[in-house]
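Single-letter residue listing:
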Amino acid sequence: MVAAAHFFSSVAAAAVLLSFFSWSGSVASLPIRLKKEAAHSTDQEDLCVHKWYTQPVDHFNYGEDSYVEFQHKYAMVDKYWGGPSSPIFAYLEGEDAMSPDVCSETSLVDAYASRFRPLFIFIEHRYYGDSVPFGSRDAAFSNTSTLGFFGAAQAVQDAAELILSLRQNLSAHYSPVIVAGGSYAGSKNPILIIKLNPPA
């Protein structure tokens, strides 16, 4: 029953987030275009460092599985970062594994590096690519209990905790965060912005 509640609450959260899609395009997203051929872009993949962050499987409850952890993959480009007073640009990945060339497959780095001197981070979605909890895809997708943590609400919290941790570790507590993403990933932007900037 608890597992089913997890699953349906995640589905409900996803529906709410999707309702924000048209709003997020103007408020929380940057104009991003996919490059047709990464080989013709600048060599941003050489600057792209893939890292890991330890996430709890469940951010919101205190059940047995809440204390299970998994390694969450993200990529970072810090060559252009101007330091703690400069912004952090976070790109949320969608329903697929994060590409090894993620830093060169969008125009994000090329378009904004020199103008804003930001720290770029690209965040893989839980249950995709290498960010799979419970040790393997087979285990993660094996039953409704493990699938109950595969939802938009948990994914948004993953991104929020990762970004807040980076801010703290880099002494960048006041660095503004600009969030980008397309389609489903972009629909999570408004909620993530609120989590990073809670009302007083």
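Above: the structure in question.
A quick note: this is a predicted structure, and the numbers were derived from the prediction, not measured.

So, how was this worked out
- Residues numbered from 1 in each chain as written.
- Predicted model: local features only at pLDDT ≥ 70, side-chain atom pairs only at ≥ 80, totals over all residues.
- Heavy atoms only, no water.
- Phe/Tyr/Trp six-rings, centres within 6.5 Å; stacked < 30°, edge-to-face > 60°.
- Helix = DSSP H or I, 4+ residues; strand = E, 2+ residues; numbered from the N terminus.
- Buried < 20%, exposed > 50% of the residue type's maximum accessible area, 1.4 Å probe, protein only.
- Core = buried A, V, L, I, M, F, W, Y, C linked by side-chain atoms within 4.5 Å.
- Contact = heavy atoms within 4.5 Å.

Bringing the packing of aromatic side chains into the picture now. Using the criterion set out here, one finds ten aromatic pairs in the structure. When the ring of phenylalanine 89 is compared with that of phenylalanine 116, the centres are 5.8 Å apart and the planes differ by 50°; the resulting orientation is tilted. With phenylalanine 89 in strand 3 (residues 88-92) and phenylalanine 116 in helix 4 (residues 108-116), this pair connects stretches of sequence that are 27 residues apart. Judged by relative accessible area, phenylalanine 89 falls into the buried class, the value being 3%. Judged by its relative accessible area of 33%, phenylalanine 116 is partly exposed. Ring geometry for phenylalanine 89 and phenylalanine 120: centres 5.7 Å apart, planes at 90°, overall edge-to-face. Of this pair, phenylalanine 89 sits in strand 3 while phenylalanine 120 is found in strand 4 (residues 119-123), placing the two residues 31 residues apart along the sequence. Of the residues examined, phenylalanine 120 reaches a relative accessible area of 0% and is grouped as buried. Following the ring pairs from residue to residue traces out a cluster consisting of Phe89, Tyr112, Phe116 and Phe120.

With 22 residues, the main nonpolar core has Ile121, Ile123, Ile163 and Leu192 as its most contacted residues. A total of six residues in this core trace back to one element, the largest contributor, which is helix 7 (residues 152-169). Not counting residues within four places of it along the chain, the set of residues in contact with isoleucine 163 comprises Ala90, Ile121, Ile123, Val177, Leu192 and Leu196. Ala75, Phe89, Tyr91 and Phe122 belong to the second-largest nonpolar core, a separate cluster that totals 15 residues.

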